[in-house]
Protein chains: 4
Amino acid sequence: MAGNTWGKLFTVSTFGESHGVGLGAVVDGCPAGIELSCEDIQQALDRRRPGTSRYTTQRQEPDQVEILSGVFEGRTTGTPIGLLIRNQDQRSQDYSAIKQQFRPGHADYTYQKKYGIRDYRGGGRSSARETAMRVAAGAIAAKVLAQQGISIRAALTQMGSVVAPVKDWSAVNGNAFFCANPDAVEPMDALIRELKKQGDSVGARIYVEACGVPVGWGEPVFDRLDADIAKALMSINAAKAVAVGDGFDVVTQRGSEHRDEMTIEGFQSNHAGGVLGGISTGQTVNAEVAFKPTSSISIPGKTITTEGEAVDIVTKGRHDPCVGIRAVPIVEAMMALVLVDHFLRDRGQNAGVQRS
Amino acid sequence: MAGNTWGKLFTVSTFGESHGVGLGAVVDGCPAGIELSCEDIQQALDRRRPGTSRYTTQRQEPDQVEILSGVFEGRTTGTPIGLLIRNQDQRSQDYSAIKQQFRPGHADYTYQKKYGIRDYRGGGRSSARETAMRVAAGAIAAKVLAQQGISIRAALTQMGSVVAPVKDWSAVNGNAFFCANPDAVEPMDALIRELKKQGDSVGARIYVEACGVPVGWGEPVFDRLDADIAKALMSINAAKAVAVGDGFDVVTQRGSEHRDEMTIEGFQSNHAGGVLGGISTGQTVNAEVAFKPTSSISIPGKTITTEGEAVDIVTKGRHDPCVGIRAVPIVEAMMALVLVDHFLRDRGQNAGVQRS
Amino acid sequence: MAGNTWGKLFTVSTFGESHGVGLGAVVDGCPAGIELSCEDIQQALDRRRPGTSRYTTQRQEPDQVEILSGVFEGRTTGTPIGLLIRNQDQRSQDYSAIKQQFRPGHADYTYQKKYGIRDYRGGGRSSARETAMRVAAGAIAAKVLAQQGISIRAALTQMGSVVAPVKDWSAVNGNAFFCANPDAVEPMDALIRELKKQGDSVGARIYVEACGVPVGWGEPVFDRLDADIAKALMSINAAKAVAVGDGFDVVTQRGSEHRDEMTIEGFQSNHAGGVLGGISTGQTVNAEVAFKPTSSISIPGKTITTEGEAVDIVTKGRHDPCVGIRAVPIVEAMMALVLVDHFLRDRGQNAGVQRS
Amino acid sequence: MAGNTWGKLFTVSTFGESHGVGLGAVVDGCPAGIELSCEDIQQALDRRRPGTSRYTTQRQEPDQVEILSGVFEGRTTGTPIGLLIRNQDQRSQDYSAIKQQFRPGHADYTYQKKYGIRDYRGGGRSSARETAMRVAAGAIAAKVLAQQGISIRAALTQMGSVVAPVKDWSAVNGNAFFCANPDAVEPMDALIRELKKQGDSVGARIYVEACGVPVGWGEPVFDRLDADIAKALMSINAAKAVAVGDGFDVVTQRGSEHRDEMTIEGFQSNHAGGVLGGISTGQTVNAEVAFKPTSSISIPGKTITTEGEAVDIVTKGRHDPCVGIRAVPIVEAMMALVLVDHFLRDRGQNAGVQRS
């Protein structure tokens, strides 16, 4: 069973390679009657697309999405929504050098071994370019969730040693780092310039939260809401760790401190991150995810060829010194996909339950 | 879609409540011809079962597993394996007090709201007692994996502020904490005694690794090996964070440091944790998971009743001051379930690919 | 992926062999709050159980079902329902003779080749005894459907050349053949006696209908309601053909005859069997299924041994001359499982749509 | 859970409407290294496409397929294969008349009620035009199966009262009816001309067989090979009945006649249709399927409007008097999709079993 489908009720099946014809998806199970236009999706795509700033890859892709089906007279029909973005600025020639080399930190080696063949151009299917379709599908999910009063937002909260706790959500789209902390923009900018000079890269941390999620979403014991969030965020390229609520800090917490007490006003704290027993509590659902530093750097590295010979490799091309930056809209999209799926799953089994 | 099934090819569907008739599972998709006896499973269960030491809940459960089907003349037949453990020491009377109260940090509130009804006895389905079946199924998975030369081991590497990096794997089963670091046993023991005195609890961190995993397992782009590990570990009761390889440390790493270079001898490091692009690299696969402090403590806490009235609650009963301890065999089991499923999935699609 | 689970939202995972410890199931996704007792399930099981009449196998099995989980204080809790029937009258000695022979018309050969091992006792997993769990799960589904005003009924409408069109539904449980046509009972009885004398067997046809199904259930384009009915009925042991509505008669019909016209009173006919485009129309949903003659007969037959040698085989043991008879409650159960699953699936995606 | 995905390991997710932008699919789980070109798929598409003869709809669609991903340098890469056909000859104006009328025998009414909205142009998603993607995906499946020595072929064996048992497979592509019986071509031609004159339509029966299927495919107890064939064929537009092997004829057969005896030369007959206990026997797998007469006819029929008013309707447009004719390549495609999925499923669980 190949793994290119996300979700159980609201499913997203994606396809496409970095330097192939394009990227696409089938979004199945979307409720009917939702207003949906290309612009809704395009807006989300524009936030993640390459070439938007000097901090991210200079590949120029308009990433113009086309809705191929499932929308009629401006509304979803309940039938599958086909999406397509054609690749434009592919420059395959940049990549011919790596045809026979496994770039360290990349999936070149594992794809080659798994399938016995790989599209080496720009990483093929393993390229982060694949995430464009996550963002597109996430935009549809977000529209469904908005009808339920749910909004999702994410921000870069750390880049290397520059920590940027959320201070001001309104700042996120006003800087090139999706940073909710204006004070951190200048140090981040300095760090990126330094990395470019060094030909190196750095990791990042992203915080995401969903407001308005009602109590009751999540399907224990395996398909818990937090478990699916963990999978969703860890499935993003370069992700290495996921935390819900207080995350790894719980290791040193006491039970008397961690457990979120309740009064008639509701929960008195949210150490849990809005999930208890795998089911949403009605509080804000939040999580964090860590992204490794970009593997494509210009500092030479040791690797082997497909023939098994040792070589030094320098990854040319147009790469981000910090892949985490552009991951912000992707993290939001994955959170939206998790939530919309659990919304429908819960509704299927429990539509009749009174929760107020 | 309820969420009580794990896996795509090697599936485990569990059932059972803490104080009901018992716990059970259907393991479907296990290859035929594997030697399997009750003892194989019992051995694993005995490691996690309650009442084994003064550090964990004093509930006395023999947890005797019965194989109901799928095994004939000592070997699996390829048909589903039914498993059952009957509950013995249930003492339901202990729990009648919480019938109308939502214990803070527990799933009482979320189950009640989701389903409109809950088995309040000992947490019902949300009890960690459910994990007995994960361990039982994991023991079967481990036998399949052993045939492929794969072994899995986990250890408690931190309890509260007592850090216990892996030093000596042979020590794990020699202490009550599943700790691979003899020096940490005494401080951990002291901490537990202090917590018992205070009626409080503490969190924990567990490290797990799988040795012998070949290159090629994992199904990008969503069902990556690391994404499924993240989900599997986060689906365990009380888990709040999961890391693969260097985890959150990647945030401050440079690309030149993190990327694992290769020579003709193989990878020169394993910052990735044995996974690149969601596919195993052939190195040791490793992960970490954080468990929150036990929510059932004897320090009074604020909560509300099912009628919406404010009350103070003291959780009586027999509880672990650190739920993370007993999670060690569960973490191993979940890792086994992830790997065996990906073994079969990869074999289904790629059985013909030469990888040597 | 093994195939022992039915359904997407209301799932049934079964296990167990004819002569093993017993038969069991996990029913996951059942809505909470449904009244459910062992008696509800037992009633359904009693209709299919062996030993009820001289027309069916004389194996004596009380088939006493035990609910292991998922029900609390008489109501379902939304958590998985574990079910178990222990085998009693197994008489494994009857079957030792066939250990090394492949009974013609049975699955002995295919199980042996597929898995390299088989539980030869009474057919092991391939025995129709497995269907007890379908009936048990179907009884739970029927309770959910009853709340929606849906009832399901089936009848034997043909045995060999004895045709018995539905005349009087009230007669079904008053005869040993589940026949809704009192006039056919005597000829069927005569046929069975003749077959017993000859040591032979005969096929059968069953008609099933579901009344009260609202418009809108079924998930095109692949998971159509009629497609899932076809799979469900064909998945029953010995089934060889399935028809919905007019079935194979449509081959010679004209469009002007077949299409069900509508007036303000509703549909004027029901050639379609209550399904258009894979979605229920609001009319009665009906289907037919054909069962092959019992393969276990006392007339000697040619076969080979597991060593590849030719032998003549006589199937001893306690067998029905017409397996179709006992299939009636199983057919009802599978129809219930299809409908309840589609009820929840439709509700998940389309709960908000006004249909009146 | 919407139902637009077929398969468990080799999955096909389709999208697209009759008069929308086009039709597409994602084929996931295809083994890597299979030679695949547009021509391979186009060849199959050309057999089913409209406008090929006067016997079928006169809509002119080149149905030019584009491979969007998953193929590199002429071979599959193991990553998802995206497919797209853009609609050309849509003539939406033909359909505006039916915007507010539910055509009898069509899915207009059920889609409207299920989703509260429908793309009424040419039936939208419910149009048989959707099946183009089944044929395209089936062509890929057929290439995988060909490597295993399996070939699939189907033929129209009855149209109305004109019966055409298979006589000569080489004739199938030499007549406009996909008929393997040259004697039947003239009577079929006469029947079609008569129907055109009357403005009426007629049903059809198709026979399909797969040669070379090895013993061991199929996943009891629910995902039996024959059960999945039943679902696959019943999921095709206008299908109303499915039979495997002797089908409904088994009702009147005796066990001594039906059971396929074995000698050291193998099975002596194939009443079972190549499946026992839901697992392939190694013989030819065969099935039959009945298609209802085209619902779009020019004889006026009674229906209601979306406002609930009674009207007479005449379906204009370009329609086949016998939809069954063009179903022949679709039936082959669905058989291929069933088989390839079971090939991979069996290989996943049982790759190590010796079957010779």
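Residues numbered from 1 in each chain as written. Chains lettered and ligands numbered in written order. Predicted model: local features only at pLDDT ≥ 70, side-chain atom pairs only at ≥ 80, totals over all residues.

Undergrad: Hey, could you run me through the relation of the copies chain B and chain A in this one?
TA: Mapping between the two copies of the chain is achieved by a rotation about an axis and a shift along the axis. Structural alignment of chain B on chain A gives an RMSD of 0.0 Å, achieved by rotating through 180 degrees and translating 0.0 Å along the axis. A rotation of that kind, with that shift, is consistent with a two-fold axis. Considering only C-alpha atoms, the residue of chain B closest to the rotation axis is K231 of chain B, which sits at 2.4 Å. The share of interface residues of chain B whose copies in chain A are also at the interface is 100%, consistent with both copies meeting through the same surface. (Least-squares fit on C-alpha atoms with pLDDT ≥ 70 in both. Contact = placed C-beta atoms within 7 Å.)

Undergrad: Help me out: how do you make sense of the sheet that holds strand β16 (residues 285–291) of chain B in this one?
TA: Sheet strands line up and pair through hydrogen bonds in the backbone, either parallel or antiparallel. If you walk across this open sheet you meet the ten strands as β9(A)-β8(A)-β10(A)-β16(A)-β11(A)-β11(B)-β16(B)-β10(B)-β8(B)-β9(B), and the pairing is antiparallel. Pairing within the sheet leaves two strands with one partner each, and these edge strands are β9 (162–163) of chain A together with β9 (162–163) of chain B. When strand β8 (residues 151–159) of chain A meets strand β10 (residues 204–211) of chain A, the two strands line up antiparallel, connected through eight bridges. For A155 of chain A, the partnering residue across the bridge sits in β10 of chain A and is Y207 of chain A. Sitting on the sheet, helix α7 (residues 323–350) of chain A is in contact with β8, β10 and β16 (285–291) of chain A, with an inclination near 150 degrees to β8 of chain A. Relative to strand β11 (residues 239–244) of chain B, helix α5 (residues 225–234) of chain B is tilted by about 155 degrees, and along the sheet it contacts β11 (239–244) of chain A together with β11 and β16 of chain B. (Pairing = 2+ DSSP bridges. Helix = DSSP H or I, 4+ residues; strand = E, 2+ residues; numbered from the N terminus. Axes fitted to C-alpha atoms, helices over the stretch in contact; angles between N-to-C directions.)

Undergrad: Looking at this structure, how should I read the pairing of strand β11 (residues 239–244) of chain D?
TA: Across the six residues of β11 of chain D, six count as buried, placing the element largely inside the fold. Both strand β11 (residues 239–244) of chain C and β11 of chain D contribute to a ladder of three bridges, which runs antiparallel. Pairing of A243 of chain C across the sheet is with A241 of chain D, part of β11 of chain D. Note that β11 of chain D and strand β16 (residues 285–291) of chain D share five bridges and pair antiparallel. Bridge assignment links A239 of chain D to a residue of β16 of chain D, and that residue is F291 of chain D. (Buried ≥ 20, exposed ≤ 12 C-beta atoms within 10 Å, placed from the backbone.)

Undergrad: Just checking my understanding: could you explain the interface of chain D and chain A for this structure?
TA: Interface size is often expressed as the accessible area that is lost when the parts come together. The partner chain A presents 38 residues to the 38 residues of chain D that form the contact. Mapped by element, the contributors of at least two residues to the side of chain D that touches chain A are β2 (11–16), β3 (22–28), β7 (81–86) and α2 (108–115) of chain D. Class assignment of the residues belonging to the side of chain D that touches chain A gives a composition of 13 nonpolar, 17 polar and eight charged. (Nonpolar A, V, L, I, M, F, W, Y, C, P; charged D, E, K, R; others polar.)

Undergrad: I would appreciate a short explanation of the UniProt feature "binding site: FMN" (unreviewed entry) in chain A in the present structure.
TA: What UniProt calls "binding site: FMN" (unreviewed entry) maps, in this numbering, to R125, S126, S127, N237, A238, G277, K292, P293, T294, S295, S296 and R318 of chain A. With respect to the element layout, K292 of chain A can be found in the loop between β16 and β17 (301–304). Owing to 30 C-beta atoms within 10 Å, K292 of chain A belongs among the buried residues under this scheme. For K292 of chain A, the residues in contact, after removing those within four places along its chain, are G203, A238 and K240 of chain A together with V250 and H258 of chain B. (UniProt positions renumbered as here; feature names shortened; annotations may be inferred.)

Undergrad: Is there a simple way to think about helix α7 (residues 323–350) of chain C in this case?
TA: Structurally, the α-helix is built with 3.6 residues per turn, so residues lying three or four positions apart point the same way. All names here are of chain C. Here α7 spans 40 Å end to end across 28 residues, near enough to the 40 Å set by a 1.5 Å rise per residue. The sharpest bend along α7 comes to roughly 40 degrees, located at P329. Burial of α7 is extensive: 28 of the 28 residues sit out of reach of the surface. (Expected span 1.5 Å × (residues − 1). Bend = angle between axes of the 7 residues up to and from the residue.)

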